[in-house]
Amino acid sequence: MSPSGAINSTHATNAWSLATSGEYHWAQWNDSDEVVLHFTGSGDTYLISYFGYLLLDTLKGSPKTAEQLDRLISSSNRLSDDLLPIPKEMIDSHLFHFKKLGLIEL
Amino acid sequence: MTNTIGALPFEQFSNFLKSEGIRIETGPFVTRLRTKLTDVIENLALLYSDYPAFTQAGFSDFHLDIHKPASIRRWIQPQVNFTFDELTPFKPLPRPQAYAIFEWGLNWCISNYAHQYLIIHSAVLEKNDAAIVLPGVPGAGKSTLCAGLALSGWRLFSDEMALIDPSSGQLVSSPRPISLKNESINIIRNFSSSAVFGITINDTTKGSIAHLKVPEQSIQLCNQKALPKIIAFPRYRKGASTSLSPLSKSRAFMTLCENSFNYTIQGKSGFSTVKTLIDNCDCFEFEYSSLEDAIRTFDTLIEQIQ
Amino acid sequence: MNLVVQALVNHQSVKNLTDTQWDLFIRQARSSELLAHFYHRFSAEGIFSSIPEKPRNHLISDEILATRQHEAARWEILQIYQALEPIGIPVLLLKGAAYLQAELPPAPGRFFSDIDILVPRTVISEVEEKLHQWGWLTTHHDDYDQRYYRKWMHEIPPLQHVGRHSTIDVHHNILPLTARLHPDPEKMIQASVQIDEEFELYTLCPADMILHSATHLFHDGELEHGLRDLVDLDQLFRHFGEDSNFWEILINRANEIDLSRPLFYALRYTSKILNTPIPLNALQSKLLDKPIYPVRYFMDRLFLRALAPAHKSCSDWFTGIARWFLYIRSHYLRMPLHLLIPHLFYKAYVRPYKEWRENRKNVLSNKPEKKESESEIDIFE
């Protein structure tokens, strides 16, 4: 259940930022590219894909729109070439999911 | 005055349990137990003979009472009740399960009232100062493996709960009789002639269960903590060949959390405790069907760790 | 022996406890839900490290639980705030949630199971709808309950979140509409104060906060956590009473919103039991609505027992009767008899019958039985 209508990442002016209601604690090891995230706001712990991790990591510092995230990640060399270009739905579905978990906000 | 239960004459032990209770020490916990039920008293005298006990008053972590409920049903369909101080947390069980309700109830107390530890549903054993953590869902064959190792020179910390001290990352030992189910009881009887079992309790929700007595040395050394070195998620599968396959640390992290009683309660501290634990350990998925092979595998693994 | 009250009055008294007394202290404090509270009191006094390790562990364990509960509650408050933001009304927190969000002295180590909010009665259906959209659904599906709540009560049936299982109590008044006393919720909402500038989150003003807590304890029959609620009042009196004008404001406000009697009891029993420093002129104020002497004498006998820790070591033959009598009294104060008797009859006879019928239906169709408060042991192999 999430507030309907509150999510509209397709709108170009909508900039996302990391939630301010909690701290992000990460755990990662070199035996896999999945990352563990503990968010103190909700108190939940998640196993996050490498791509999800890149999205959240790129949101550090300042708010960014989905388009900016796409550009920044595509040009960062952190994603292997065969995964490019990043499908738009992939970014949108991640952002939608993270919003639902309270990890990011508009 | 500290004495083991075995050093008390049975008559005296029984009288204390029936009146003001007796205080039994299992590692970091002292439980004051009262009961008038003779099957419980006899099983305790057998399985807890090597544990320190106190007959005088003092501090107890848990005040437990195993008794028959005072209802009309006591004549029609006899039952047994568990109380923790003045709390009755569970529905009564059929009367023959009195001893089991004591062991289950004490586990319940620890997992609900000892949040000074991160607690994982897991067997823990130690050899050469290194501990292995064997977390497992019911039916995974964790207790059988645990019993086999405990009867093969490994020191038992617990067959149900890994207690981790968040400040040091060390495992704390609280050895208690190992609860075995159904076929596992005979597997262990056949495995070792030194295995001592309490009464068999039939028709529980888990089937038949019996408790294996803890080797004396595990009780005597229970004040010695140990650092965890290996985490293995065991799975018994009939006919399977023994296989130890590496598990990614982030996956192991999540599975460990799922098997924890109080990970979410510990918040940020729980996260860093599990992170340190995973940092220090090699993580595996372990499948087996032969107990002998399984024990050999862990003996070899612990040698390599050194 | 009541070691808990002794320690509340004089923290230093625990320094001399024997192991056996510590044992009793921990049990009494646990049954009063005050273990985590003591963790904070002893830490603040600098005596925590002098406590023997074993009892100390029980205080630590409970404190960890309380801290987690507070973190979860802060998250829930944020979710409620976001859900209700579009309505444009201030979200007014009550009781435990208010102490926590406003960082008031009762908060550290205090457990509370539900989040209580107060909203104007005119927007109650809008509030319910918004909360529904965010996943909070009603817990009472029984038609009788729904009708009963909506017709007579000061709150709607509790709402529970589908995913997180957190519970909200949405109030539009602080006492049932049928109650003997008639505080005006409009006045209380008008006087409410914003907690911090960032969010539109409010608490009752200090006087109203105390009056609400007193009403809840002495008029509403919630004596399960009687001692803990008395400790809340003690902490609030000490905190707000630092301003010497506060007592006069408090007593005047109590008369203004028809809550003078509960205030009288709050002042009387915090000072009697917990030595709360209340000025004599407040205790003896002519403006307080005091019961006549024989009633006062009788209420003393009842409350002094009912407010002890709910542990057998603090009970005598009369304790159970006292609690039972106060329970009946609270129902009587909530409702006129011609409504109360049918209601209690329904609760005692009609509902158990309906539940029995419901369970039998489930058994016949192999559905699991309704959950009871006691659980089956099923967590261990």
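Residues numbered from 1 in each chain as written. Chains lettered and ligands numbered in written order. Predicted model: local features only at pLDDT ≥ 70, side-chain atom pairs only at ≥ 80, totals over all residues.

Okay, the overall build of chain B next. Within chain B, the regular secondary structure consists of 10 helices and 18 strands. Taken over the C-alpha atoms alone, chain B extends approximately 55 × 40 × 35 Å along its principal axes. Among the 306 residues that make up chain B, the fraction classed as buried is 49%. For chain B, contacts bridging at least 24 residues in sequence account for 73% of all contacts bridging at least 6. (Helix = DSSP H or I, 4+ residues; strand = E, 2+ residues; numbered from the N terminus. Buried ≥ 20, exposed ≤ 12 C-beta atoms within 10 Å, placed from the backbone. Contact = placed C-beta atoms within 7 Å.)

Here we come to the overall build of chain C. Looking only at helices and strands, chain C has 16 helices and 7 strands in total. Of all 381 residues assigned to chain C, the portion counted as buried reaches 41%. Within chain C, contacts between residues separated by at least 24 positions form 65% of all contacts whose residues are at least 6 apart in sequence.

Turning to the sheet that holds strand 7 (residues 93-94) of chain B, a few remarks are in order. Residues and elements named next belong to chain B. One open sheet accounts for 7 strands, arranged 1-4-2-3-5-6-7; its pairing is mixed. Both edges of this open sheet fall to strand 1 (3-4) and strand 7, since each of them pairs with a single strand only. In terms of strand pairing, strand 3 (residues 29-35) meets strand 5 (residues 62-67) through 5 bridges, oriented parallel. Within the sheet, the bridge partner assigned to Leu33 lies in strand 5 and is Leu64. (Pairing = 2+ DSSP bridges.)

Contacts between chain A and chain B engage 14 residues on the former and 11 residues on the latter. Listed by contribution, the elements that provide at least two residues to the side of chain A that touches chain B are strand 2 (24-27), strand 3 (35-39) and strand 4 (44-48) of chain A. Per-element tally for the side of chain A that touches chain B: the top contributor is strand 3 of chain A, with 3 residues. Counted by class, the side of chain A that touches chain B contains 5 nonpolar, 7 polar and 2 charged residues. (Nonpolar A, V, L, I, M, F, W, Y, C, P; charged D, E, K, R; others polar.)

Between the first and last C-alpha of helix 2 (residues 19-31) of chain C there are 19 Å, a value that for 13 residues agrees with the 18 Å anticipated at 1.5 Å per step. A large share of helix 2 of chain C lies buried, amounting to 10 of its 13 residues. Of all the residues in helix 2 of chain C, the buried ones are Trp22(C), Asp23(C), Leu24(C), Phe25(C), Ile26(C), Arg27(C), Gln28(C), Ala29(C), Arg30(C) and Ser31(C). Tucked inside the fold, the buried residues of helix 2 of chain C contact strand 5 of chain B together with helix 1 (3-9), helix 3 (35-45) and helix 4 (53-84) of chain C. Within two residues after helix 2 of chain C, Glu33(C) carries a phi angle of roughly 55°, on the positive side. (Expected span 1.5 Å × (residues − 1).)

Below, the discussion takes up helix 6 (residues 183-191) of chain B. Residues and elements named next belong to chain B. Of the residues making up helix 6, those classed as buried are Ser184, Ile185 and Ile188. Down the axis of helix 6, the smallest arc covering the buried residues is 105°, so these residues share one side. Facing away from the buried side of helix 6 by over 90 degrees, the exposed positions are Glu183, Asn186 and Asn190. Tucked inside the fold, the buried residues of helix 6 contact helix 5 (142-150), strand 13 (178-181), strand 14 (197-204) and strand 15 (207-212). (Arc of directions from axis to C-beta.)

The next point concerns the nonpolar core. Proteins that are soluble and globular tend to have nonpolar side chains buried together. Grouped together as the largest cluster of nonpolar side chains are 111 residues, with contacts concentrated most on Ile101(B), Ile119(B), Leu125(B), Cys146(B), Ala150(B), Ala162(B) and Leu171(B). Top contributing element to this core by residue count: helix 4 (residues 98-113) of chain B, with 11 residues. Contacts of Cys146(B), omitting those with residues within four sequence positions, involve Ala123(B), Leu125(B), Leu134(B), Asp159(B) and Ile178(B). By size, the runner-up hydrophobic cluster in this structure holds 90 residues, among which are Phe59(B), Leu159(C), Leu201(C) and Met209(C). (Core = buried A, V, L, I, M, F, W, Y, C linked by C-beta atoms within 7 Å.)

Overall, antiparallel pairing links the 3 strands, which are arranged 2-3-4 (chain A) in an open sheet. Looking at strand neighbours, the two that pair on one side only are strand 2 and strand 4 of chain A, the edges of this open sheet. Neighbour to neighbour, the strand axes of the sheet diverge by 25° on average, direction disregarded. Its contacts with the sheet place helix 9 (residues 263-280) of chain B against strand 2, strand 3 and strand 4 of chain A, and it is angled at close to 10° to strand 2 of chain A. (Axes fitted to C-alpha atoms, helices over the stretch in contact; angles between N-to-C directions.)

Moving on to the pairing of strand 6 (residues 79-84) of chain B. All names here are of chain B. Across 4 bridges, the pairing between strand 5 and strand 6 is antiparallel. Paired with Asp65 across the bridge in strand 6 is Thr83. With 2 bridges joining them, strand 6 and strand 7 adopt antiparallel strand pairing. Of the residues in strand 7, the one forming a bridge with Val80 is Leu93.

Before going further, it helps to examine the domain arrangement of chain B. Residues and elements named next belong to chain B. Here the domain parsing of chain B yields domain 1 (3-113) and domain 2 (118-305). Across the contact, 18 residues belong to domain 1 and 21 residues belong to domain 2. Breaking the side of domain 1 that touches domain 2 down by element, the ones donating at least two residues are helix 2 (38-47) and helix 4. At 6 residues, the largest contribution of residues to the side of domain 1 that touches domain 2 is made by helix 4. A breakdown of the residues in the side of domain 1 that touches domain 2 according to their chemical character gives 9 nonpolar, 6 polar and 3 charged. (Domains from an automatic or database assignment.)

Interface size, as often reported, equals the accessible area lost upon joining of the parts. With 26 residues of chain C at the interface, the matching set in chain B holds 29 residues. With 11 residues, the top contributor of residues to the side of chain C that touches chain B is helix 4 of chain C. Looking at the side of chain C that touches chain B, its residues break down into 7 nonpolar, 8 polar and 11 charged.

Quick look at the environment of Asp57(A) now. Residue and element names in this part refer to chain A. Tracing the backbone through its elements, the reader meets Asp57 in helix 1 (residues 50-59). Classification of Asp57 as partly exposed rests on a count of 16 C-beta atoms within 10 Å. On a C-alpha basis, the gap between Asp57 and Gly41 in space is 17 Å, while along the polypeptide they are 16 residues apart.

Our focus in this paragraph is unusual backbone geometry. Residue and element names in this part refer to chain C. Positive phi, normally seen in glycine, also occurs at His165, with a value near 65°. As for its position among the elements, His165 is in the loop between strand 4 (159-161) and strand 5 (167-171). Using a count of 7 C-beta atoms within 10 Å as the deciding quantity, one classes His165 as exposed. Here the phi dihedral of Asp258 falls at roughly 70°; this positive angle occurs in a residue that is not glycine. By secondary structure assignment, the location of Asp258 is in the loop between helix 11 (246-256) and helix 12 (260-274). The class for Asp258 is partly exposed, based on 18 C-beta atoms found within 10 Å.

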